[in-house]
Amino acid sequence: MALVRCRAPFHLDEEGRLQPASPQTRSCPPVEPADPLSRKLTRVQNLRATARAATRARNLKLADAYGQQAMELSQQQGWQDEEAVTRLLLGTVARLNADFREEQSQVEKARALYQTLRRPVEEAAVLNRLGALKHKDLHDSAAALIDLDRARTLQPGNPSVLANRAEAEFAVGKFEAFLQDLPEAMKAQKDPGVRVVLAAYGWAAVLLTGPSDLKQRAQDFLHEYQSWPEAEQQSWELGGVRYALQHMPRPRPELEQVLAVIELLERLVVARVVHEADGRGHERGGDVAQRSLVVGCAERLE
């Protein structure tokens with residue numbers, strides 16, 4: 001039943017005195033009650049916003065409770081888009097709880113929803129997250145590569161997808177395929193921290209397989225290293241590659257050198273001087289020297 005809201009039923013007489021009057025309902029349009037579906041959608045979004053705020057505050061128990069409510073209401077109404085977004089949030093909550101299997105479950109279900117909805121951009125982003133999770137946290141780089149191949153097909157040229165895919169190829173030992181795909185990943189990537197990591201993988205792949213362009217790969221790596229701004233923290237997570245190399249079926253003598261470079265890449269660049277004449281590098285910074293990334297000299301990498 002519609003509600004009618006009118007101005008106060010009073011008016012001023014000729015002498016300026018306030019007099020009662022009948023409301024003129026024809027000039028007051030009825031206010032229809034809110035659509036029940038609209039109210040439910042607003043409730044889903046409010047529940048998810050509360051869960052997101054609780055996640056930021058690291059109140060993960062509360063975040064999970066509100067997220068579950070939002071997901072259940074989305075499922076009841078058949079809102080697959082809302083359910084997918086909520087599942088991704090619940091996956092983040094699971095990740096912060098270090099429950100990577102639960103994160104995988106939520107992200108895979110979100111991916112299935114986006115696939116049903118035929119939303120290729122969203123599906124590619126979810127596949128990229130899923131591939132990174134499998135490679136870096138679950139240490140299943142072969143399975144990760146399947147997801148990242150699909151993400152690349154859905155969204156070619158995405159720098160994050162290409163970087164994750166290249167790293168997964170390197171981790172599973174597909175060095176030739178990695179070296180073929182590396183130029184595409186480097187071309188798309190603008191982040192200097194990620195570029196130096198990919199260039200280091202390029203050098204390591206050649207070192208572990210023995211082609212003749214090792215010197216050029218070392219120089220490419222050093223060039224990217226010199227372009228990496230000082231005092232910039234490395235944002236790329238290298239744990240997945242380290243685990244894969246440490247568990248290689250047939251370890252190689254050069255592996256120790258590769259792992260040492262990967263360890264250095266995780267450290268903060270404090271200060272750096274590289275002599276162009278001989279490629280030698282040294283650090284400055286006094287007591288912070290231990291946190292500096294110093295490759296040393298080109299001969300060691302070659």
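Here the structure is shown first, and the text comes after it.
Figured I'd write up the structure that's included with this text. Owing to the predicted nature of the structure, the values given are computational and were not obtained by experimental measurement. (Residues numbered from 1 in each chain as written. Predicted model: local features only at pLDDT ≥ 70, side-chain atom pairs only at ≥ 80, totals over all residues. Heavy atoms only, no water.)

A look at the nonpolar core
If you look at the biggest cluster of nonpolar residues, it comprises 39 residues, and the most contacted ones within it are Phe170, Leu198, Tyr201, Trp203, Leu245 and Leu265. Only helix H7 (159-171), helix H8 (175-188), helix H9 (192-209), helix H10 (214-227), helix H11 (239-246) and helix H12 (255-265) provide two or more residues apiece to this core. Among the nonpolar cores identified, the runner-up in size contains 10 residues, and Ala110, Leu113, Tyr114 and Leu138 belong to it. (Core = buried A, V, L, I, M, F, W, Y, C linked by side-chain atoms within 4.5 Å. Buried < 20%, exposed > 50% of the residue type's maximum accessible area, 1.4 Å probe, protein only. Helix = DSSP H or I, 4+ residues; strand = E, 2+ residues; numbered from the N terminus.)

Things to note about the pattern of salt bridges
Applying the stated rule across the entire model yields 19 salt bridges. Arginine 95 is paired through a salt bridge with aspartate 137; the nearest N and O atoms lie 2.8 Å apart. Remark: aspartate 137 occurs in the loop between helix H5 (120-136) and helix H6 (141-154) and arginine 95 occurs in helix H3 (residues 80-96); sequence separation between them is 42 residues. The salt bridge partner of arginine 165 is aspartate 149, with a shortest N-O separation of 2.6 Å. With arginine 165 in helix H7 and aspartate 149 in helix H6, this pair connects stretches of sequence that are 16 residues apart. Judged by relative accessible area, arginine 165 falls into the buried class, the value being 9%. Since its relative accessible area comes to 30%, aspartate 149 is described here as partly exposed. (Salt bridge = Lys/Arg side-chain N within 4 Å of Asp/Glu carboxyl O.)

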